[in-house]
Structures are given as structure tokens and as C-alpha cells.
Amino acid sequence: MTERSATPLDRARAAYRGISLYQPDRTPCRIDLSDNTNLFGVPPTALSILRAAPENVITRYPLLYADRLKAAIGFYAGVNEDNVVTGCGSDDVLDSTIRAFCDPGSLVATSTPSFAMIPLLAQMNGLDVVEVPLRNDLDIDAEALVAAHAAVTYVCTPNNPTGNAISRESIDYVIDNAAGIVIIDEAYSEFGWDSWLLDAAGLSHVLAVRTLSKAFGLAGLRVGYAVGARELVTEVEKSRGPYKVSSIAEDAATAALTSDLEWVGERVGEVIENRARFIDELRGMGLKPLDSDANFILLPTKDAAETARQMRMKGVAVRPFPALPVTGDALRISIGPWHMMEDALAALGESVR
Ligand SMILES: *Cc1c(COP(=O)(O)O)cnc(C)c1O
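Cut-offs applied
Residues numbered from 1 in each chain as written. Predicted model: local features only at pLDDT ≥ 70, side-chain atom pairs only at ≥ 80, totals over all residues. Heavy atoms only, no water. Near = heavy atom within 4 Å. Polar contact = N/O pair within 3.5 Å; in protein donor to acceptor, adjacent residues only side chain to side chain. 1 Å grid on protein atoms, 1.4 Å probe; cavity = no way out; pocket = protein on both sides within 12 Å on 5 of 7 lines; lining within 4 Å. Sits in = over half its atoms within 2 Å of the grid points. Helix = DSSP H or I, 4+ residues; strand = E, 2+ residues; numbered from the N terminus. Phe/Tyr/Trp six-rings, centres within 6.5 Å; stacked < 30°, edge-to-face > 60°. Buried < 20%, exposed > 50% of the residue type's maximum accessible area, 1.4 Å probe, protein only. Lys NZ or Arg CZ within 6 Å of the ring centre and 35° of its normal. Pairing = 2+ DSSP bridges. Axes fitted to C-alpha atoms, helices over the stretch in contact; angles between N-to-C directions. Points joined across faces, edges and corners; volume = space filled by probe spheres on them. Nonpolar A, V, L, I, M, F, W, Y, C, P; charged D, E, K, R; others polar. Core = buried A, V, L, I, M, F, W, Y, C linked by side-chain atoms within 4.5 Å. Contact = heavy atoms within 4.5 Å.

> I'd like a description of the site of the ligand, backed by residues and values.
Of all residues adjacent to the ligand, which total 14 residues, the nearest are Ser90, Tyr188, Thr211, Ser213 and Lys214. Between an oxygen atom of the ligand and a main-chain N or O atom of serine 90, the distance comes to 2.6 Å. Within the backbone of aspartate 91, a nitrogen or oxygen atom sits 3.0 Å from an oxygen atom of the ligand. Because more than half of its atoms lie within 2 Å of the grid, the ligand is assigned to the largest pocket. Residue assignment for the shell around the ligand shows that the elements contributing at least two residues are helix H4 (89-101) and strand S5 (152-156).

This is the structure in C-alpha cells:
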């Protein structure tokens, strides 16, 4: 055929040909333990702010760079608001950070298994990815990550989907030796015990990224943030652009971070208690769940996809991970109120082989 047969699709970015839309099974299910959101509900002050939203929150543009939210985050994290950048979910913060510090063809280094969005975000930005397998003890291979000489090195702690916190020793090695920017993704750190927020504010090449989607129960509002040096945060804001956090999301997130900390803390306490109890029950069934520092656990099991399908038919959604590096087939199960965990145990008992 002639050149005229070229379709607009032929002009799409070449790097996008290998990308498919993100499509985990989100068919509604009686109990959804598949995405690690807060299963206890909405923080009360945030909810009342949402219910009482005035008209100008809808008709007018939001603040350019969410300065009110940045102040609330600074207060919560114990850093200056100039050390904070926000975004439309932490996915947006991660995307903007990767874009800000990479040119087409640059390298992003991450671990595997780790957060599945990172290779995708790298690909979306025309970058190459180095995936370094976790060690057998599920700590990162810090030396191999550093040896990649990447423009951006990503570390997730506690790690999704394995659930374990990465050792401070390994993360400090990466921070001390990495060639470029280091991202520490702390999406689940409210459920663990360690953090790099304060370290990041005092270093010149580290961003600690967090979200309101998990412990804070605001996933639908899409609010995430990062803490880092002022110069770094400014570069991320350039790449992010203005108006990324809606007014209603900013108001609710600000309320949650200032007035709902007790509620959040109590729910985190419940998760930690239920997590230990759930792991005990699984071990009692002869299963081998991994220890967790997050609000989910990873359960290596034969034929994860089929087990998840059977659990779904019994009304409990969990996230299957077929053939994960290091652990093999596994189910990731979010931790919520105990009655949900009892249903998960029942569905699992009938489904697991
Ligand atoms: C859920 C999750 C995020 C994304 O959260 P949003 O703020 O909702 O975009 C980021 N990192 C990790 C590791 C996550 O599990």
C-alpha cells in the first residue's frame, strides 16, 4: 500500500507499542482485599469537609501547587512546606519525578518484585528499566542497584507486593552510593516503623514519597506527596505542572492530616493486630505467609490465579501474582476489619490446594 494507508496510530509514540492499559480484575466483589486501601472507611473530619463542600470548591480552579496541603503535610511530616511536592496520587508524584530527572533513554533502576507501576512509568516516559531481583531474604540488592548507574533509583519500603520493610543498612548504602536521584516509596510506612522523610529533607538527591490512599483512606481523591530538598521539589513541580490536586481533594486531605490523626492511628493499630492474627491463622492452616510491615500480606501458593478466581466466586477478591521472582506464585491479601479476614480465611480454606 501507499503512504496514505498510514493511520494516526502509526504515529503514536514507538515506546508505547509494548504498553497495555492497566487492567487488574476490578469486578465488584462482596469483600475487596485486592488493592490495600483503608477498609475501615473515611476519616471523619475529611468526610464532613467533603459533605459540606461549598460551590466555589467546584466552580473555581484549585490552588496552583496546593500550598495549603503542603503546609499540612509539612506539619504532619515535621519538615518545612518548601520541602514538599504534591500530586494527583503518588503515582503522579513518581511519574513527575521520573520525568524531571531523566532524558529519553535514561535508566531507571528498581527491584523485582516491587511496585509494578515503576517499569510502566519508565516506559511511558521513554526510559529504560533495570530490574534487580530482591535477595533471597527479600532485602534489596543494594550493590546491584547502585551498579546500574541509573538516573533514578527506586526503593519501596515496606515493599509492595512482598510486604517486608527494606533494611536501613541497604537503603543507606543506595543513598550514599547511587549515581542519580533516589526515590524511597513509603506508601505503607504508617504500618511499619521506619521512614526517610526527615533524611530526605536534609539530603540533595533523595525524595521520600507517600500517599493518602492507603492508611488515610482517601484513594478516590488521588492525593500523594514527596519530601525532599527544596531544589529537587521545585524540579518535580515543574514536571508535574499546576492544578494537579483538586480543591475538594486538597481540603479533605488537609483536614485528614490535621484533625484525623487519632482515627488513622487507631485504624493502623487495628491493622497491625489483625495482620498478626491473620498470619497466625494462615500458619495454623499449614500455609506459609511472609511476615509483613504493611497493611497486606503476601502468601506464596500454587496456582495463584486459579486460587484467586475461586476465592472471588466466594465473594472475596485478592490480588494474584503469577510467577513472581524470588517467591513464585503468590496472593496479596489486604488487611481490614477482622470479620473480613474471617471471610478471607474461609474462602481460602476452600480454594487453596
Ligand atoms: C498504592 C501505591 C502507590 C500509589 O498510590 P496513589 O497515591 O494512590 O497513586 C504508590 N506506591 C506504592 C508502593 C503503592 O502500593
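Moving on from the coordinates now.
> Tell me what's going on with the packing of aromatic side chains, and back it up with residues and numbers.
For the structure shown, the criterion picks out 3 aromatic pairs. On the basis of an interplanar angle of 85° and a centroid distance of 5.5 Å, the ring pair of tyrosine 76 and phenylalanine 216 is categorised as edge-to-face. With tyrosine 76 in helix H3 (residues 67-77) and phenylalanine 216 in the loop between strand S7 (206-211) and strand S8 (223-227), the pair connects residues that are 140 residues apart, well separated along the chain. In this structure tyrosine 76 comes out as partly exposed when scored by relative accessible area, which is 23%. Seen from their ring centres, tyrosine 188 and phenylalanine 296 are 4.9 Å apart, and the 75° between their planes marks the pair as edge-to-face. Placement of tyrosine 188 in the loop between strand S6 (181-185) and helix H8 (197-202) and of phenylalanine 296 in strand S9 (residues 296-300) is noted, with a sequence separation of 108 residues between them. Residue class for phenylalanine 296 comes out buried when judged on its relative accessible area of 0%. Here arginine 168 stacks its cationic end above the ring of tryptophan 196, 4.0 Å away from the centre of that ring. When the ring centre of tryptophan 263 is taken as reference, the NZ or CZ atom of arginine 267 above it lies at 5.3 Å.

> Tell me about the sheet that holds S9, and name the residues and values.
As summarised here, the arrangement of the 3 strands in space is S9-S12-S11, forming an open sheet in which the pairing is antiparallel. Where the open sheet ends on each side, the last strands, each with one partner, are S9 and strand S11 (319-324). Here the average twist between neighbouring strands, direction ignored, is 25°. Summarising the sheet, S11 and strand S12 (residues 328-334) pair through 4 bridges and their orientation is antiparallel. Counterpart to phenylalanine 321 in the pairing with S12 is alanine 330.

> Break down the layout of surface pockets for me, citing the residues and quoting the values.
Its volume calculated, the largest pocket comes out at about 880 Å³. If you go around the largest pocket, you meet 39 residues; those closest to its centre are Tyr22, Asp91, Phe115, Met117 and Arg319. Counting residues per element, the ones that place at least two in the lining of the largest pocket are H4, strand S3 (107-112), helix H5 (117-124), S5 and S11. Here the residues of the lining of the largest pocket sort into 17 nonpolar, 13 polar and 9 charged.

> Go over the nonpolar core with me, naming the residues and quoting the values.
Counting 82 residues, the largest nonpolar core has Leu33, Ile140, Phe278 and Ile333 as its most contacted members. Once residues within four sequence positions are removed from consideration, phenylalanine 278 is found in contact with Ile297, Ile333, Ile335, Trp338, Met341, Ala344 and Leu345. Counting 25 residues, the second largest nonpolar core, distinct from the first, contains Val152, Cys156, Ala226 and Val236.

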